[in-house]
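Chain by chain, the residues run as shown.
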Number of protein chains: 2
Amino acid sequence: MDDHTTLYGIQEARVSTAAPGSIDATALAHAQTHLQRSTISHYHLPATDQTVHWGYFSKHLTPLVTVLSGDVITIETVTHHAYDDYERMIKGDPGMERIYAWDQTRKGVQRRGAGPIDASLFGRGAGEGLGVHICTGPVAIQGAEPGDILAVRILDVQPRPCANPTYQGKSFGSNAAAWWGFQYHDLLEEPKPREVITIYEMDTTGEHDWARALYNFRWMPQTDPGGVVHPIIDYPGVPVDHSKVQEQWGVLKNVRIPIRPHFGTMGVAPAEADLVDSIPPSYTGGNIDNWRIGKGTTMYYPVAVPSALFSAGDPHASQGDAELCGTAIECSLTGVFQLILHKQATLKGTPLESLTYPLLETPTEFLVHGFSFPNYLADLGANAQSDIYTKSSLGLAMRDTFRKMRHFLMTTQGLSEDEAISLMSVAVDFGVTQVVDGNWGIHAIVQKSLFTGGES
Amino acid sequence: MDDHTTLYGIQEARVSTAAPGSIDATALAHAQTHLQRSTISHYHLPATDQTVHWGYFSKHLTPLVTVLSGDVITIETVTHHAYDDYERMIKGDPGMERIYAWDQTRKGVQRRGAGPIDASLFGRGAGEGLGVHICTGPVAIQGAEPGDILAVRILDVQPRPCANPTYQGKSFGSNAAAWWGFQYHDLLEEPKPREVITIYEMDTTGEHDWARALYNFRWMPQTDPGGVVHPIIDYPGVPVDHSKVQEQWGVLKNVRIPIRPHFGTMGVAPAEADLVDSIPPSYTGGNIDNWRIGKGTTMYYPVAVPSALFSAGDPHASQGDAELCGTAIECSLTGVFQLILHKQATLKGTPLESLTYPLLETPTEFLVHGFSFPNYLADLGANAQSDIYTKSSLGLAMRDTFRKMRHFLMTTQGLSEDEAISLMSVAVDFGVTQVVDGNWGIHAIVQKSLFTGGES
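Nothing here was measured: the structure is a model prediction, and the numbers come from that model. (Residues numbered from 1 in each chain as written. Chains lettered and ligands numbered in written order. Predicted model: local features only at pLDDT ≥ 70, side-chain atom pairs only at ≥ 80, totals over all residues. Heavy atoms only, no water.)

Trainee: Just to check I follow, could you spell out the overall build of chain A for this structure?
Mentor: A count of helices and strands for chain A gives seven helices and 27 strands. Against the globule reference of 23 Å for 456 residues, chain A gives a C-alpha radius of gyration of 21 Å, in line with a compact fold. A principal-axis box enclosing the C-alpha atoms of chain A has dimensions of 65 × 55 × 45 Å. When the 456 residues of chain A are sorted by exposure, 63% land in the buried category. By element, 52% of the accessible surface of chain A is carried by carbon and sulfur atoms, the whole surface being about 16,000 Å². Computed over 32 positive and 50 negative side-chain charges, the inter-centroid distance for chain A is 2 Å. (Helix = DSSP H or I, 4+ residues; strand = E, 2+ residues; numbered from the N terminus. Rg over C-alpha atoms; globule rule 2.2 N^0.38 Å. Buried < 20%, exposed > 50% of the residue type's maximum accessible area, 1.4 Å probe, protein only. Areas by Shrake-Rupley, 256 points an atom, 1.4 Å probe, with all protein chains shown as cover. Lys, Arg positive; Asp, Glu negative; His and termini not counted. Charge placed at Lys NZ, Arg CZ, Asp CG, Glu CD.)

Here it is, written out as structure tokens:
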């Protein structure tokens, strides 16, 4: 093993038969065989103020590292809700402290969102919070070109342990019932409307596979270090002054939330615009927010720009289908990914031929992801990045998902249209991915076992 | 055991400790203890032309039998798609033959749907096919009154074996990709639009737990025995003349569909109208079309009329969430149900207090069912039964499901609104139940295990 450290603190290790740490050695060995490479490199990409882009994707970002197809990269991803509880999610963690640093003179990460850098639109701050997710990357894949498919195998996912010694062995996450949630204008109790943050605790020792709620508080206007008042959660990473909110402890007493660690936002850079808000998902992936995108699964993305430019962020400890109130348990996670490039010329006759949408493969299922607008940047024209927030519906997303699943069944399983439609009605499950990300999502799940049977 | 036969061929048996046939003896013993009754009755309700109502619910139907709370009833339910393949789904089965009987002078069951009996609206036939499901019942529950809750425990579900000796040991079902399906105006291949029937085969010997497709055919205009031509599938039970269609064998070759036997339509009579189209589901249940309503689960319905008037029909061998093309694998099934009445006065302080919607309990989950309009007959006024087909959307159904799940969590788990909303976002899954039943449906699933944990 030959380790060295590069710019941004990225570490590279060349590994042969055995894999270090938490990486699945079998998977690596398999990859080596499959790719006919005697060694593959294993990179480590830490999350720091220098390695994240906050709230946007861009084809113009300089890659932090260039990998070869088959290489493995450990990527630290951090939640953009960490400042909801500084003590539990930032304090003592050098990477988090550098990312969230913000005083009167400077911010660790200036731009947060795809809006104007001078905040001339709403005055909320640089980037205007038009896009919120802290994404680590991008990672360039050598030789990737538009028309290729990038497969991202998630070999491992681990919570980022709390660095504050007071909370050793724990990890924490925040759930914000926010103004962009489905519930916001449909509340029963006063005050209406309101935003509520709930802080959850997870275990990092392996003892428990569930989260529990600790306390919640109603969002109260917060003044950021630059003097801007945030009456609602309108800009990411605003420090929450806990002297201004009322913590209610003992909420969701005795309720255990099963852990479903996954990456809410993961994908490649779109071609259609220079700076793209990280919130609406699209054909290149991004903020899909499907809790099944976790360990042991593979995402396939159509490459849209040279080098693909892969990034990951928006880590979640758990989420329900719909992500109803606007967020999941937003909790920093570290993932181990293997990036495999499928060149367009090699796709003919394979299941990946003509794939134009993000596809998830789990050990037992295939999932297609439909959106109200499959490629909203192209579909909605010049004002796409604002119009997407007013034009989405579940009906449109259902339409797109139907079409994608039909395409998937016809192209990868060789079914006729009539066969595909009948099968979809009797054996494919459609679920609500999310109703909170501008471009609303529905997914369709087909079991692989359908296709493994012979004639009886 | 004391058996006797009553009107309509209904058999009654009084059972004490042991349960006959396929009924779960443990469940019955439990029920006896729970209900403090030394014996409970077990009825058998066959499906014949005299025991079914076709295409509608009605509070004015005369009950076939009156049961006491806790009694068990075996109900034969039959599919309304059996005439798609007479040889496999009707021939040799006396009950099916009597139900489907139709010649120039008479029909076994005249009314099919809630439309005018003289077919003066569209000329399709008596009842006009405004409602299509063959429902067996109704069953009166002694002492049931509006405000009570009827629990329906599904103790067993079995396919109805094919009675044609040529196909011994098999059962068959039909899937219609029909004009009311989500795909109908969005097809790729010619001819457009088209309706396609696919015939599926299941095994009744217990050897296989999957279905396979046999053949499909495109619907061609069919002339019924009364001389009415049906260019599309616009009236239920029209005999399909197979000399007029082209069977394509070998479709979905090597594809195995996991069996999920369930009742698409099951519920109690609504109070709001005299004759109610069986297609749109509502607060009293009906055509919910959730494939999880199978063996080992319990449905809870708000009672709307005296005696509740429970019926079951629309049996499915399997269905996917969404029921995309308009139908499932429509296949006759026989169910064993235990009917338990919860009187309004006993509900206070229980999880069933203030339940105003159909709730499903499985061994591991609770599911609430939301619709575009929770009680469309009341919500949409005088023209509700036609307007419901033009006003539904998944967005409205999502709204209703959110409200019902919030209500469920607040009333049955004692959560505050803020707790319920956070929990919904991080641990409750929303899925598309169906987009083809007029009143579109979304369901929300919450795992029981969330609530079984103690403090850590």
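Now that the structure has been shown, the text picks up again.
Trainee: Before we go on, may I ask you to explain the confidence of the model for chain A in this structure?
Mentor: Should pLDDT be low for a region, the predicted coordinates there are not to be read in detail. Residues and elements named next belong to chain A. The predicted model of chain A averages 93 in pLDDT, with 93% of residues at 70 or higher. Low confidence marks residues 16-24, where pLDDT is under 50. Its contacts with residues over four positions away, or in another chain, come to 16 contacts. Model confidence for the complex is summarised by a pTM of 0.95, with the ipTM given as 0.95. (pLDDT = per-residue confidence, 0-100. Contact = heavy atoms within 4.5 Å.)

Trainee: Quick question: what am I supposed to make of the packing of helix α6 (residues 394-412) of chain A against helix α7 (residues 417-427) of chain A here?
Mentor: How two helices pack is summed up by the angle between their axes together with the distance between the axes. Residues and elements named next belong to chain A. Where α6 contacts α7, the axes come no closer than 9 Å and their chain directions differ by 120°. Classified by the angle between their axes, α6 and α7 sit oblique to one another. Handedness of the α6/α7 crossing: right-handed. Contacts from Phe 402, Met 405, Arg 406, Leu 409 and Met 410 in α6 reach Glu 417, Ala 420, Ile 421, Leu 423 and Met 424 in α7. When grouped by side-chain class, the residues that make up the contact of α6 with α7 number eight nonpolar, no polar and two charged. (Axes fitted to C-alpha atoms, helices over the stretch in contact; angles between N-to-C directions. Parallel < 35°, antiparallel > 145°, perpendicular 65-115°, else oblique. Left-handed = near helix turned anticlockwise from the far one by under 90°. Nonpolar A, V, L, I, M, F, W, Y, C, P; charged D, E, K, R; others polar.)

Trainee: What exactly am I supposed to notice about the relation of the copies chain B and chain A here?
Mentor: There are two copies of the chain, and a rotation about an axis plus a shift along that axis relates them. Each copy superposes on the other: chain B lies on chain A with an RMSD of 0.0 Å after a rotation of 180° and an axial shift of 0.0 Å. The transformation relating the two chain copies, once decomposed into turn and shift, fits a two-fold axis. Considering only C-alpha atoms, the part of chain B nearest the rotation axis is Gly 431 of chain B, at 2.0 Å. Interface overlap between copies is the fraction of interface residues in one copy that are interface residues in the other; for chain B against chain A it reaches 100%, indicating a shared surface. (Least-squares fit on C-alpha atoms with pLDDT ≥ 70 in both.)

Trainee: What should I look at first to understand unusual backbone geometry in this one?
Mentor: For residues besides glycine, phi is generally negative; the peptide bonds are generally trans as well. Across the junction of Lys 192 of chain A and Pro 193 of chain A, the peptide omega takes the value -20°, indicating a cis bond. Position of Pro 193 of chain A among the secondary structure elements: in the loop between β10 (170-177) and β11 (196-203). With a phi close to 55°, Ala 119 of chain B is a non-glycine residue in the positive phi region. Along the chain, the position of Ala 119 of chain B falls in the loop between α3 (94-100) and β8 (134-141). Under the relative-accessibility criterion, Ala 119 of chain B is labelled buried at 15%.

Trainee: It is not clear to me how the pairing of strand β7 (residues 72-77) of chain B should be interpreted in this structure. Could you clarify?
Mentor: Along a regular strand, successive side chains alternate from one face of the sheet to the other. Residue and element names in this part refer to chain B. Burial analysis of β7 places six of its six residues in the buried class, the great majority of the element. What you see with β7 is no split at all: Val 72, Thr 74 and Glu 76 on one side and Ile 73, Ile 75 and Thr 77 on the other are buried throughout. Where strand β3 (residues 40-45) and β7 come together, four bridges link them in parallel fashion. Pairing of Tyr 43 across the sheet is with Ile 73, part of β7. For β7 and strand β23 (residues 333-342), the ladder comprises six bridges, and the chain directions are antiparallel. By the bridge assignment for β23, Glu 76 is matched with Thr 334. (Pairing = 2+ DSSP bridges.)

Trainee: Help me out: how do you make sense of the interface of chain B and chain A in this one?
Mentor: One widely used convention gives an interface's size as the accessible area the parts lose upon coming together. In this assembly, 71 residues from chain B lie in contact with 71 residues from chain A. At the boundary of chain B with chain A, total buried surface from both sides reaches about 5,900 Å², with 55% on carbon and sulfur atoms. At the junction of chain B with chain A, the criterion picks out ten salt bridges. For the salt bridge of Arg 194 of chain B with Glu 417 of chain A, the shortest nitrogen-to-oxygen distance reads 2.7 Å. Summed over the shared surface of chain B and chain A, the result is 50 residue pairs in polar contact (both at pLDDT 80 or more). The set of elements that each furnish at least two residues to the side of chain B that touches chain A consists of β10 (170-177), β11 (196-203), β12 (210-218), β16 (257-258), α6 (394-412), α7 (417-427) and β26 (429-434) of chain B. For the side of chain B that touches chain A, the element with the highest residue contribution is α7 of chain B, accounting for ten residues. Taken together, the residues of the side of chain B that touches chain A sort by class into 35 nonpolar, 19 polar and 17 charged. (Buried area = accessible area lost by both parts, 1.4 Å probe. Salt bridge = Lys/Arg side-chain N within 4 Å of Asp/Glu carboxyl O. Polar contact = N/O pair within 3.5 Å; in protein donor to acceptor, adjacent residues only side chain to side chain.)

Trainee: Mind showing me how you'd approach the pattern of salt bridges here?
Mentor: As a working rule, side chains carrying opposite charge can pair if their charged atoms are close by. By the definition in use, this model includes 42 salt bridges over all chains. The partner of Arg 98 of chain A in a salt bridge is Asp 49 of chain A, and the shortest N-O contact between them spans 3.0 Å. Taken together, the residues Arg 98 of chain A in helix α3 (residues 94-100) and Asp 49 of chain A in the loop between β3 (40-45) and β4 (52-54) connect sequence positions 49 residues apart. Residue Lys 343 of chain A is joined to Asp 148 of chain A by a salt bridge in which the shortest nitrogen-to-oxygen separation is 2.8 Å. Linking Lys 343 of chain A in the loop between β23 (333-342) and β24 (359-361) with Asp 148 of chain A in the loop between β8 (134-141) and β9 (149-159), this pair joins segments that are 195 residues apart in sequence. Classification of Asp 148 of chain A as buried rests on a relative accessible area of 2%. When salt bridges with common partners are traced through the structure, they connect Arg 194 of chain A together with Arg 406, Glu 417 and Asp 418 of chain B into a single cluster.

Trainee: Can you walk me through the packing of aromatic side chains in this structure?
Mentor: Both the distance between ring centres and the angle between the ring planes are used here to describe each pair of aromatic rings. Taken as a whole and assessed by the stated rule, the structure comprises 26 aromatic pairs over all chains. Ring geometry for Trp 179 of chain A and Trp 180 of chain A: centres 5.5 Å apart, planes at 90°, overall edge-to-face. Joined through ring pairs, the aromatic side chains of Trp 54, Tyr 83, Tyr 86 and Tyr 100 of chain A make up one cluster. Positioned over the ring face of Trp 102 of chain B is Lys 107 of chain B, at 4.9 Å from the centre of the ring. (Phe/Tyr/Trp six-rings, centres within 6.5 Å; stacked < 30°, edge-to-face > 60°. Lys NZ or Arg CZ within 6 Å of the ring centre and 35° of its normal.)

Trainee: What exactly am I supposed to notice about the nonpolar core here?
Mentor: One finds Met 266 and Phe 310 of chain A together with Met 266, Phe 310 and Phe 337 of chain B to be the most contacted residues of the largest nonpolar core, which totals 176 residues. Beyond its immediate stretch of four places on either side in the chain, Met 266 of chain B contacts Val 152, Ile 154, Thr 284, Gly 285, Gly 286, Ile 293, Met 299, Tyr 301, Phe 310, Ser 311, Ala 312 and Phe 337 of chain B. In this structure, Val 52, Met 89, Tyr 100 and Ile 134 of chain B belong to the second largest nonpolar core, which totals 27 residues. (Core = buried A, V, L, I, M, F, W, Y, C linked by side-chain atoms within 4.5 Å.)

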